[in-house]
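Observations on the three-dimensional arrangement
The primary structure of each chain is shown beneath.
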Amino acid sequence: MIVVLNFGGQFAHLIARRVRDLGVKAEILQCDATLAEIKALNPVGIILSGSPHSVLEKGPLPDKGVFMLGVPVLGICYGHQLMAHMLGGRVQNKEEKEFGKEVLSIKSKTGIFKGLKSKEVVWFSHGDQATKIPKGFSVIAGTSSCPNAGYADVKRRFYGIQFHPEVTHTVQGNKVLSNFLFDICKAKKNWSMKKVATQIIDDLKTEIGNEHVVVGISGGVDSLVAATLLYKAIGNRLHAVFVDTGLLRKGEVESVSKSLRALGFKNLHVIDAGELFLKKLTGISDPEQKRKIIGHAFVEVFEGSLEKELKKYKISYLAQGTIYPDRIESASTSKHASKIKSHHNLTLPERMKLKIIEPVKDLYKDEVRRVGEELGLPKEMVWRHPFPGPGLAVRIVGEITKDRLSILREADAIFTEELKASGEYTKIWQSFAALLPLKVVGVMGDARTYEYMIALRAVDSVDGMSADWHKIPHELLEKISSAIVGKVRGVNRVLYDITQKPPATIEYE
Ligand code: XMP
């Protein structure tokens with residue numbers, strides 16, 4: 001196990017994912033974790049992450065004891081600077097800042113740099129730098145503007161690097177991390193999705209015993225994989241409730257139900273609540289209000305299903321598809337966390353007294369997907385793009401009507417179909433159509449039309465926190481646009497959204 005101390009930003013998640021991809025279990029702890037919390041995980045090595053902060057402006061520091069545990073420590077960027085700051089070196093803010101790719105000259109091709117060339121392309125993002133290295137350390141790499149970009153105390157097995165090995169722009173980044181894990185920390189490969197799936201199923205069996213569990217299926221991959229793990233653990237003591245809000249994508253209820261039934265699922269309750277949601281949403285245009293109404297209606301329907309269809313069972317647990325980043329971010333009460341994403345789990349009334357169980361709570365999204373594949377779920381389900389809880393409601397600007405929903409559902413299905421047929425779908429992190437309820441003029445045959453606009457959104461992202469618009473080939477855009485305008489009645493114009501997040505969000509509401 002490797003402990004990654006999180007000093008803010010998204011660096012720690014990227015590092016933990018890379019470590020896990022190399023086959024070693026990694027856990028993130030907040031930078032202010034106590035020494036006891038760190039020791040409890042029994043780490044073979046500690047990685048100090050980057051951060052948007054500066055040690056010169058009272059940035060966060062770890063417990064000094066991390067340098068006395070006798071385990072190797074790798075400081076990355078801010079982590080590298082804080083090692084200099086805490087262990088007797090010096091950090092200064094240099095006029096010359098480094099952002100982007102740089103050529104690193106490597107002085108010592110051993111330790112973490114074993115197997116690298118004398119010059120390597122690495123990725124920097126910093127203003128401060130260590131101008132004096134601590135006693136006992138020697139310089140192992142540098143650039144023209146950052147001469148102490150790498151230093152090491154080989155005896156104590158402390159390494160500091162100013163660049164980011166966890167980003168793909170650092171060509172040999174994985175090699176550096178792998179050297180640290182296997183040569184320096186002597187870590188064992190103990191993290192494979194097969195092992196993880198077996199372990200989760202065993203743990204669920206022990207935790208749940210003979211009790212019954214209810215799980216809400218949303219159509220998304222997290223709840224689907226969570227439900228499948230539970231099914232493998234407790235069989236028909238699992239009761240799945242799939243609320244059809246009427247805000248789902250075309251064919252979603254059918255395809256999700258089909259995959260669950262194909263796995264042997266018997267207790268699947270699909271509740272058709274489309275009319276109820278639509279009624280409650282009538283006349284509502286404010287995005288926040290829409291989300292609230294949907295959240296409340298969901299709880300109402302879900303609770304109703306427990307009271308009606310499931311009342312003959314004594315249900316003790318509510319299972320949720322919370323994943324690792326949701327948990328780490330919502331737990332980071334640390335004042336240093338610069339981004340906290342609110343997440344959208346079901347909050348049932350306390351009086352229901354259900355215990356919460358979260359089968360995929362330790363996994364990243366791509367790990368959830370790989371576990372899904374291990375469990376035999378269809379690739380098509382496992383690799384679907386993320387879909388928000390409030391569904392198509394956040395993709396129709398303004399009021400939601402039956403008509404608008406059906407136009408959007410058709411346009412979205414065509415967009416997805418074309419992306420899949422061309423092979424572009426798998427290159428994209430998330431894609432969908434949105435309906436802009438402005439009527440614009442067009443011409444069809446001899447007649448003028450006055451219809452809605454559809455906006456297409458396709459983005460590249462790692463976790464949805466920031467995103468770039470995906471560069472879909474023009475010929476494909478043209479094909480999609482013609483197909484939508486040709487086949488979907490009520491649309492006469494298609495736009496492609498070329499805005500990054502930030503400043504735009506991914507969804508429209
Ligand atoms: P935004 O629009 O905030 O979206 O840039 C970032 C990511 O989060 C998803 N999203 C949601 N997911 N419930 C969810 O489960 C929600 O209310 C919700 N809102 C946004 C969105 O699809 C994107 O992947």
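Residues numbered from 1 in each chain as written. Predicted model: local features only at pLDDT ≥ 70, side-chain atom pairs only at ≥ 80, totals over all residues. Heavy atoms only, no water.

1. Section: the site of the ligand
Around the ligand, a shell composed of twelve residues is seen, among which Arg291, Gln430, Lys501, Ile506 and Glu507 lie nearest. Within the side chain of Gln430, an N or O atom sits 2.8 Å from an oxygen atom of the ligand. In this structure, an oxygen atom belonging to the ligand sits 2.5 Å away from a side-chain N or O atom of Glu507. In the complex, 82% of the free accessible area of the ligand, which totals 500 Å², lies under the protein chains. Counted by class, the shell around the ligand contains four nonpolar, five polar and three charged residues. (Near = heavy atom within 4 Å. Polar contact = N/O pair within 3.5 Å; in protein donor to acceptor, adjacent residues only side chain to side chain. Areas by Shrake-Rupley, 256 points an atom, 1.4 Å probe, with all protein chains shown as cover. Nonpolar A, V, L, I, M, F, W, Y, C, P; charged D, E, K, R; others polar.)

2. What to know about the packing of helix α5 (residues 193–208) against helix α6 (residues 221–234)
One can describe the packing of α5 onto α6 by two numbers: an axis separation of 9 Å at closest approach and a directional angle of 60°. It follows from the interaxial angle that α5 and α6 lie oblique. Both α5 and α6 take part in a crossing whose hand is right-handed. Between α5 and α6, the residues in contact are Ala197, Ile200, Ile201, Leu204, Lys205 and Ile208 and Leu229, Leu230, Lys232, Ala233 and Ile234, respectively. For the contact of α5 with α6, the class distribution of residues is nine nonpolar, no polar and two charged. (Axes fitted to C-alpha atoms, helices over the stretch in contact; angles between N-to-C directions. Helix = DSSP H or I, 4+ residues; strand = E, 2+ residues; numbered from the N terminus. Parallel < 35°, antiparallel > 145°, perpendicular 65-115°, else oblique. Left-handed = near helix turned anticlockwise from the far one by under 90°. Contact = heavy atoms within 4.5 Å.)

3. Examining the sheet that holds strand β3 (residues 45–48)
Across the sheet, nine strands lie side by side as β2-β1-β3-β4-β9-β8-β7-β5-β6; this open sheet has mixed pairing. Two strands lie at the open edges of the sheet, namely β2 (26–30) and β6 (119–132), each paired on one side alone. Within the sheet, the average angular offset between the axes of one strand and its neighbour, ignoring direction, is 20°. Bridge analysis of β3 against strand β4 (residues 73–76) gives three bridges, and the strand direction is parallel. Of the residues in β4, the one forming a bridge with Ile46 is Val73. (Pairing = 2+ DSSP bridges.)

4. Focus: the domain arrangement of the chain
Partitioning the chain into domains gives domain 1 (2–184), domain 2 (193–382) and domain 3 (395–496). On a C-alpha basis, the centroid separation for the pair domain 2 and domain 3 is 28 Å. Of the roughly 1,300 Å² buried between domain 2 and domain 3 on both sides combined, carbon and sulfur atoms contribute 55%. If you sort the residues of domain 2 by the area they bury against domain 3, Lys250, Leu278 and Lys290 come out on top, with a joint share of 36%. At the boundary of domain 2 and domain 3, one finds three salt bridges. At the junction of domain 2 and domain 3, the tally comes to seven residue pairs in polar contact (both at pLDDT 80 or more). Counting residues per element, the side of domain 2 that touches domain 3 draws most heavily on helix α8 (residues 274–281), at three residues. (Domains from an automatic or database assignment. Buried area = accessible area lost by both parts, 1.4 Å probe. Salt bridge = Lys/Arg side-chain N within 4 Å of Asp/Glu carboxyl O.)

5. A closer look at the confidence of the model for the chain
Of all residues in the chain, 95% have pLDDT values of 70 or greater, and the mean over the chain is 92. Counted against residues more than four places away or in other chains, residues 333–344, with its pLDDT under 50, gives 22 contacts. (pLDDT = per-residue confidence, 0-100.)

6. Overview of the packing of α6 against helix α11 (residues 365–374)
Remark: α6 packs on α11, axes separated minimally by 10 Å, with the N-to-C direction vectors making an angle of 45°. By the angle between their directions, the pair α6 and α11 is classed as oblique. Crossing hand, α6 versus α11: left-handed. Between α6 and α11, the contacting residues are Val221, Asp222, Val225 and Leu229 on the first element and Lys365, Val368, Arg369, Val371 and Gly372 on the second. Here the contact of α6 with α11 is composed, by residue class, of five nonpolar, one polar and three charged.

7. Things to note about unusual backbone geometry
Glycine aside, the phi torsion of most residues is negative, and most peptide linkages are trans. Following Lys501, the chain continues to Pro502 via a peptide bond in cis, the omega torsion being -15°. Note the cis peptide between Pro502 and Pro503, where omega equals 10°. In this structure, Pro503 sits in the segment after β18 (491–496). Of note in this structure, Cys77 is not a glycine but carries a positive phi near 55°. Looking at the secondary structure, you find Cys77 in the loop between β4 and α3 (78–87).

8. Overview of helix α4 (residues 173–184)
For α4, built from twelve residues, the straight-helix expectation of 16 Å at 1.5 Å per residue is met to within 8% by its first-to-last C-alpha distance of 16 Å. Looking only at α4, the buried set comprises Gly173, Val176, Leu177, Ser178, Asn179, Phe180, Leu181 and Ile184. Where α4 is buried, its residues touch β1 (2–6), α1 (11–21), β3, β4 and β9 (158–161). (Expected span 1.5 Å × (residues − 1). Buried < 20%, exposed > 50% of the residue type's maximum accessible area, 1.4 Å probe, protein only.)

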